[in-house]
Amino acid sequence: MSIVARHKKIAFYGVVAEDGEKFVRMPKFTQLTTSKNPIEYNRQYVDEPFQESDVVGYSPSISYAFDRHTDKEVQTDIIRISDEELIGSDAVRNIVVVDIETGEAVKRAYAVIPSTEGDNINVYTYSGNFKCKGELVIGTAESSDNWQTCTFTPKTE
């Protein structure tokens, strides 16, 4: 058994291009933390001295933060969503998270929810959340450019 290094699980952001969606690595992020946010159904039966809980759904989110770099395509798109105050489907992007050791991957649509910018005195920063906008798709990912971009293939049933 071996530990999984954080840099071996990387995220790719679906940048909208003229020829379709392109999954681009999310570089220079100082935070990409997933919260599962389970939705619970809790109840206590009259003949039992305890409460039961079941998970009936999930509403995952990913909190993000990054130092602004001028030549990063993903950051430019997130900043555009924030600066132009895009709403609805204009602010939804797919994110693929890949274990680059195994090629296992998951994809989900998220709403880009900007929060703060400029809260660091040394470098311009942005932060916010990606919030769930669709079902989880399990699959695999491959890369032909040393994981700068990836191709996602959904698992077939």
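How each quantity is defined
- Residues numbered from 1 in each chain as written.
- Predicted model: local features only at pLDDT ≥ 70, side-chain atom pairs only at ≥ 80, totals over all residues.
- Heavy atoms only, no water.
- Helix = DSSP H or I, 4+ residues; strand = E, 2+ residues; numbered from the N terminus.
- Areas by Shrake-Rupley, 256 points an atom, 1.4 Å probe, with all protein chains shown as cover.
- Lys, Arg positive; Asp, Glu negative; His and termini not counted.
- Charge placed at Lys NZ, Arg CZ, Asp CG, Glu CD.
- Buried < 20%, exposed > 50% of the residue type's maximum accessible area, 1.4 Å probe, protein only.
- Pairing = 2+ DSSP bridges.
- Patch = residues over 30% accessible without salt bridge, like charges linked within 9 Å, V, L, I, M, F, W, Y side chains within 5 Å.
- Salt bridge = Lys/Arg side-chain N within 4 Å of Asp/Glu carboxyl O.
- Phe/Tyr/Trp six-rings, centres within 6.5 Å; stacked < 30°, edge-to-face > 60°.

Visitor: Which parts of the structure should I look at to understand the overall build of the protein?
Guide: Helices and strands together make up the secondary structure of the protein, namely one helix and 11 strands. Seen in sequence order, the protein has helices and strands lined up from the N terminus as β-β-β-β-β-β-α-β-β-β-β-β. In terms of overall dimensions, the protein has a C-alpha envelope of 65 × 40 × 35 Å along the principal axes. Accessible surface computed for the protein: about 10400 Å², of which carbon and sulfur atoms make up 48%. Between the averaged position of the 17 positive side-chain charges in the protein and that of its 25 negative side-chain charges there is a distance of 3 Å.

Visitor: Mind showing me how you'd approach the pairing of strand S7 (residues 92-99) here?
Guide: Consecutive side chains along a regular strand alternate between the two faces of the sheet. With six of eight residues buried, S7 lies mostly within the body of the structure. Across seven bridges, the pairing between S7 and strand S8 (residues 104-117) is antiparallel. Residue pairing for S8: Val96 is matched across the bridge by Lys107. Between S7 and S8, which pair antiparallel in sequence order, lie four residues; one of them, Gly103, sits at a positive phi of approximately 85°.

Visitor: Can you help me understand a nonpolar patch on the surface in this one?
Guide: A contiguous nonpolar patch, built from Ile39, Tyr41 and Val56 and spanning about 300 Å² of accessible area, is present on the exposed surface. Residue placement: Val56 occurs in strand S5 (residues 51-58). Note on Val56: relative accessible area 57%, which makes it exposed.

Visitor: Looking at this structure, I do not really get the packing of aromatic side chains. What am I missing?
Guide: One pair of aromatic rings is described through two measures. These are the centre distance and the angle between the planes. According to the stated counting rule, one finds eight aromatic pairs in the structure shown. Measuring from centroid to centroid gives 6.4 Å for Phe29 and Tyr64, while their planes differ by 70°, and the two rings are edge-to-face. Highlighted residues: Phe29 in strand S3 (residues 29-35) and Tyr64 in strand S6 (residues 61-67), separated in sequence by 35 residues. Here Tyr64 falls in the buried class, since its relative accessible area comes to 2%. An aromatic cluster is present here, built from Tyr13, Phe29, Tyr64, Phe66, Tyr124, Tyr126 and Phe130 joined pairwise through their rings.

Visitor: Could you clarify how one ought to interpret the pattern of salt bridges in this entry?
Guide: If charged atoms from side chains of opposite charge come close, those side chains can pair. The tally for this structure, following the rule as stated, stands at eight salt bridges. A salt bridge links Lys8 to Glu101; its shortest N-O distance comes to 3.2 Å. In this pair, Lys8 sits in the segment before strand S1 (9-17) while Glu101 sits in the loop between S7 and S8, placing the two residues 93 residues apart along the sequence. Under the relative-accessibility criterion, Lys8 is labelled partly exposed at 26%. Measuring nitrogen to oxygen at the nearest pair gives 4.0 Å for the salt bridge that ties Lys72 to Asp71. It is possible to trace a salt-bridge network through shared partners that takes in Asp77, Arg80, Glu84 and Arg93.

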